[in-house]
Amino acid sequence: MTAKVEGMDKLLLRLNARVQAIEGRTIGGLLAAGLKVQRLSQKRVPVEYGKLRASAYTRKAMGDPLAVEVGYSASYAVYVHENMEQKLKGDPRPSGLGHYCGPNGQSKFLESAVRELENEIVKTVADHAKAAKSA
């Protein structure tokens with residue numbers, strides 16, 4: 001089974017161009033920015049038992065010494081992320097642990113965090129670059 005994540009292409013192209021334009025950017029700055037995205041997205045993840053939220057990660061990306069990856073390793077993460085219909089939103093869960101996607105859970109939890117923090121991501125990377133330059 002395959003799933004396609006839609007809506008991130010233009011956002012990531014724009015964000016990557018802005019970050020790559022920062023002279024002296026560091027992996028430390030990129031990781032700090034990635035952790036901000038991870039933290040905000042975890043607040044937006046629909047939670048029943050917490051497995052999806054706990055599967056969040058921020059790490060160096062493979063193949064590029066100045067790239068960072070933020071994501072979720074739970075096998076169903078992409079399906080929850082892309083579930084725009086949320087047919088059960090607000091309904092009680094069979095487990096008795098709250099309601100589907102409520103009160104803070106939402107689809108596109110990672111994408112919305114990147115969108116909201118775009119300027120903060122650039123500022124964090126730039127601040128780390130500036131600090132590294134003056135050190």
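Below, the structure is looked at part by part. Quick caveat: nothing in here was measured; it's all calculated off a predicted structure.

**Side note on helix 1 (residues 9-20)**
The end-to-end C-alpha distance of helix 1, which contains twelve residues, comes to 16 Å, matching closely the 16 Å that a straight helix rising 1.5 Å per residue would cover. Taken together, the buried positions of helix 1 are Leu11, Leu15 and Val19. Buried residues in helix 1, looked at end-on, bunch into an arc of 55°, giving them a common side. Structural note: helix 1 exposes Asp9, Lys10, Leu13 and Gln20 on the side pointing more than 90 degrees away from its buried face.

**Here we look at helix 5 (residues 109-134)**
Over its 26 residues, helix 5 runs 36 Å from end to end, which matches the ideal 38 Å to within 8%, given 1.5 Å per residue. In helix 5, a bend of some 65° at Leu117 exceeds every other bend along the element.

**Observations concerning the packing of aromatic side chains**
Think of a pair of aromatic rings as described by two things: how far the centres are apart, and how the planes are tilted against each other in angle. Throughout the structure, instances matching the rule amount to one aromatic pair. Its guanidinium or amino end placed over the ring of Tyr57, Arg59 lies 4.1 Å from that ring's centre, counting from NZ or CZ.

Calculation rules
Residues numbered from 1 in each chain as written. Predicted model: local features only at pLDDT ≥ 70, side-chain atom pairs only at ≥ 80, totals over all residues. Heavy atoms only, no water. Helix = DSSP H or I, 4+ residues; strand = E, 2+ residues; numbered from the N terminus. Expected span 1.5 Å × (residues − 1). Buried < 20%, exposed > 50% of the residue type's maximum accessible area, 1.4 Å probe, protein only. Arc of directions from axis to C-beta. Bend = angle between axes of the 7 residues up to and from the residue. Phe/Tyr/Trp six-rings, centres within 6.5 Å; stacked < 30°, edge-to-face > 60°. Lys NZ or Arg CZ within 6 Å of the ring centre and 35° of its normal.

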